[in-house]
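# Overview (structure and organization)
Here is how the chains run, residue by residue.
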Amino acid sequence: MAVNYTPGQLRDAVGIGPETYRHWKKALAPLRREAGHSPCFTAGDLLATAIVKILVADLGIRVSALSALADGVFEECNARSWPALERSHERVLRELLGE
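Please read all numbers here as calculations on a predicted model, not as lab measurements.

Parameters at a glance
Residues numbered from 1 in each chain as written. Predicted model: local features only at pLDDT ≥ 70, side-chain atom pairs only at ≥ 80, totals over all residues. Heavy atoms only, no water. Core = buried A, V, L, I, M, F, W, Y, C linked by side-chain atoms within 4.5 Å. Buried < 20%, exposed > 50% of the residue type's maximum accessible area, 1.4 Å probe, protein only. Helix = DSSP H or I, 4+ residues; strand = E, 2+ residues; numbered from the N terminus. Phe/Tyr/Trp six-rings, centres within 6.5 Å; stacked < 30°, edge-to-face > 60°. Lys NZ or Arg CZ within 6 Å of the ring centre and 35° of its normal. Polar contact = N/O pair within 3.5 Å; in protein donor to acceptor, adjacent residues only side chain to side chain. Arc of directions from axis to C-beta. Contact = heavy atoms within 4.5 Å.

## Details of the nonpolar core
- Formed by 21 residues in total, the largest nonpolar core has its most connected members in Tyr21, Trp24, Leu28, Leu31, Phe41, Val52 and Val63.
- Residue assignment for this core shows that the elements contributing at least two residues are α1 (7-14), α2 (18-27), α3 (43-57) and α4 (67-79).
- In terms of residue count, α3 provides more of this core than any other element does, five residues in total.

Right, here's the structure in full:
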């Protein structure tokens, strides 16, 4: 059985505050699927959100600039096994960034 995470658990795991989460939810469609405080996010969603955080915090990319890529990032993180993601993370990031 897959474990799902609440919006609060997602925020805590990724290290973003409620205000940042609200802003990102407006810009990133995959974060809008929450149903109140119920668990609705997968481990892949946590990974995708962590990737967004790195792109925003470390590389200075505006979250609004990631809107067009959000579905692809979240789909990729949910479609692959964790070991496969680990082996291919550099290739995946290059593809998503169009390099």
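There's more to say after this.
## Some thoughts on the packing of aromatic side chains
- Evaluation of the coordinates by the stated rule reveals zero aromatic pairs.
- For Arg11, the ring lying beneath its charged end belongs to Tyr21, and the centroid distance is 5.8 Å.

## Topic: the environment of Arg22
- Relative to the helices and strands, Arg22 is located in helix α2.
- Overall, the relative accessible area of 42% leaves Arg22 in the partly exposed class.
- Along the chain, Arg22 and Arg32 lie ten residues apart, while their C-alpha atoms are 9.5 Å from each other.
- One polar contact links Arg22 to Glu19, side chain to side chain, over a distance of 2.8 Å.

## Digging into α2
- Here α2 has its buried residues at Tyr21, Trp24 and Ala27. Looking down the long axis of α2, one finds its buried residues gathered within 125° of arc, a one-sided arrangement. Exposed and oriented more than 90 degrees from the buried face of α2 are Glu19 and Lys26.
- In this structure, the buried residues of α2 make contact with α1, α3 and α4.

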